Amino acid sequence: MAFHDIRFPASVSFGSQGGPERLTEIVTLANGFEERNTPWEHSRRRYDAGFGLRSLDDVDALLAFFEARRARLHAFRWRDWSDYKSCGASALIAETDQSIGVGDGVTLTFGLKKTYVSGTASYVRLIAKPVAGTVIVAIASDPKVEGLEFCVDSTTGIVTFTTAPDIGALITAGYEFDVPVRFDADVIKTLLASFRSGDVPNVPIVEVRV
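Rules and cut-offs
- Residues numbered from 1 in each chain as written.
- Predicted model: local features only at pLDDT ≥ 70, side-chain atom pairs only at ≥ 80, totals over all residues.
- Heavy atoms only, no water.
- Core = buried A, V, L, I, M, F, W, Y, C linked by side-chain atoms within 4.5 Å.
- Buried < 20%, exposed > 50% of the residue type's maximum accessible area, 1.4 Å probe, protein only.
- Helix = DSSP H or I, 4+ residues; strand = E, 2+ residues; numbered from the N terminus.
- Contact = heavy atoms within 4.5 Å.
- Phe/Tyr/Trp six-rings, centres within 6.5 Å; stacked < 30°, edge-to-face > 60°.
- Lys NZ or Arg CZ within 6 Å of the ring centre and 35° of its normal.
- Salt bridge = Lys/Arg side-chain N within 4 Å of Asp/Glu carboxyl O.
- Pairing = 2+ DSSP bridges.
- Axes fitted to C-alpha atoms, helices over the stretch in contact; angles between N-to-C directions.
- Expected span 1.5 Å × (residues − 1).
- Arc of directions from axis to C-beta.

Participant: Before we move on, could you go through the nonpolar core and cite the residues and values that matter?
Facilitator: Among the nonpolar cores identified, the biggest contains 18 residues, and Phe-8, Trp-78, Phe-183 and Ile-205 are the most heavily contacted of them. The leading source of residues in this core is helix α2 (residues 56–68), at four residues. Aside from chain neighbours lying at most four places away, what touches Phe-183 is Phe-8, Leu-62, Phe-65, Phe-66, Arg-69, Ala-71, Arg-72, Phe-76, Val-203, Pro-204 and Ile-205. Core analysis: the next-biggest nonpolar cluster, separate from the first, contains 15 residues, Phe-110, Val-137, Ile-139 and Ala-173 among them.

Participant: Before we move on, can you summarise unusual backbone geometry with the specific residues and values?
Facilitator: With a phi angle near 60°, Arg-70 is a residue other than glycine that sits in the positive phi range. Structurally, the position occupied by Arg-70 is in the loop between α2 and β6 (75–78). Even without glycine at this site, Ala-140 takes up a positive phi of about 55°. One can find Ala-140 in the loop between β11 (136–139) and β12 (142–143). By relative accessible area, Ala-140 is classed as exposed at 53%.

Participant: Describe the packing of aromatic side chains, and please don't skip the residues or the numbers.
Facilitator: Within the structure shown, the criterion is met by 15 aromatic pairs. When the ring of Phe-8 is compared with that of Phe-76, the centres are 6.1 Å apart and the planes differ by 25°; the resulting orientation is stacked. Placement of the pair is Phe-8 in the loop between β1 (3–7) and α1 (10–13) and Phe-76 in strand β6, with a sequence separation of 68 residues. Relative accessible area serves as the criterion here: at 1%, Phe-8 is assigned to the buried category. Overall, Phe-76 belongs to the buried group, its relative accessible area being 0%. Ring geometry for Trp-81 against Tyr-84: centres 5.6 Å apart, planes inclined by 65°, an arrangement best described as edge-to-face. On the basis of relative accessibility, which here comes to 19%, the residue Tyr-84 falls in the buried class. Through a chain of ring-to-ring contacts, three or more aromatic side chains come together here, namely Phe-8, Tyr-47, Phe-65, Phe-66, Phe-76, Trp-78 and Phe-183. Above the face of the Trp-81 ring, Arg-79 is positioned so that its terminal group lies 5.1 Å from the ring centre.

Participant: Describe the pattern of salt bridges, listing the residues and the values that go with them.
Facilitator: Enumeration over the complete set of coordinates arrives at 15 salt bridges. Among the ionic pairs, Asp-178 bridges to Arg-7, the shortest N-O distance being 3.2 Å. In this pair, Asp-178 sits in the loop between β15 (170–174) and β16 (179–183) while Arg-7 sits in strand β1, placing the two residues 171 residues apart along the sequence. According to the relative accessible area criterion, Asp-178 is buried, its value standing at 4%. Salt-bridge contacts for Asp-178 lead to Arg-79; the nearest nitrogen and oxygen are separated by 3.6 Å. Placement of the pair is Asp-178 in the loop between β15 and β16 and Arg-79 in the loop between β6 and β7 (98–102), with a sequence separation of 99 residues.

Participant: Now, about the sheet that holds strand β14 (residues 158–161): what can you tell me, with residues and values included?
Facilitator: Consider a sheet: its strands pair through backbone hydrogen bonds, and that pairing is either parallel or antiparallel. Reading across the sheet, the three strands line up as β8-β14-β13 and stay open at both edges, with antiparallel pairing between neighbours. This sheet does not close on itself; its edge strands, each paired only once, are β8 (109–111) and β13 (150–153). This sheet shows a mean twist of 20° between the axes of neighbouring strands, independent of strand direction. Where β13 lies against β14, four bridges are found, and the strand directions are antiparallel.

Participant: Explain α2 to me, and be specific about the residues and the numbers.
Facilitator: Along its 13 residues, α2 runs 18 Å from first to last C-alpha, staying within 8% of the 18 Å computed at 1.5 Å per residue. When we look at burial in α2, the residues that qualify are Asp-58, Val-59, Leu-62, Phe-65 and Phe-66. Mapping the buried residues of α2 onto a view down its axis gives an arc of 130°, with all of them on the same face. Seen from the open side of α2, the exposed residues pointing more than 90 degrees away from its buried face are Asp-57, Asp-60 and Glu-67. In the stretch just after α2, Arg-70 is the one whose phi turns positive, near 60°.

Right under this line is the structure:
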């Protein structure tokens with residue numbers, strides 16, 4: 001079991017179907033009221049890549065990728081086209097998109113995060129697979145230079161500064177990111193005649209914790 005630092009064919013994932021799921025446990029009491037709880041702190045994403053198959057070349061690319069990952073054995077990168085950057089869908093990435101920490105004059109490393117806000121509620125998602133070359137960072141709105149003032153580990157999402165940010169300085173970042181996933185089946189069934197008639201195979205993909 002390993003993580004292969006390679007992205008699923010983007011031409012196929014673009015037409016896929018899926019999104020986040022959560023696990024909610026609901027108990028209905030004798031008086032009709034409910035108690036709701038969840039054992040999951042973070043959501044988990046699921047996709048079906050079958051909807052993205054448009055040609056026999058796509059099927060060929062899928063089968064090659066599936067075999068190279070040994071089905072469910074090895075994880076890989078997935079581009080979720082509905083949510084793959086630090087800003088809104090129609091906006092351009094900026095250094096101030098997401099807050100990733102506050103300086104204390106000592107700490108050099110900070111993990112990338114994305115905060116989802118609705119009303120007074122919010123959820124902070126950890127970003128472990130940023131896209132190399134897309135991460136831009138600022139300290140107190142002052143843009144920093146990658147390779148000179150900071151570096152990014154694209155396999156963990158950790159930003160490391162050469163000099164610790166000052167006490168109270170807000171650290172922000174903008175970036176593109178992938179989702180760490182694996183196939184959720186050990187078999188892919190394809191039928192040429194059915195594919196040409198519009199039917200698509202079921203290709204389940206599930207997010208993995210890293």
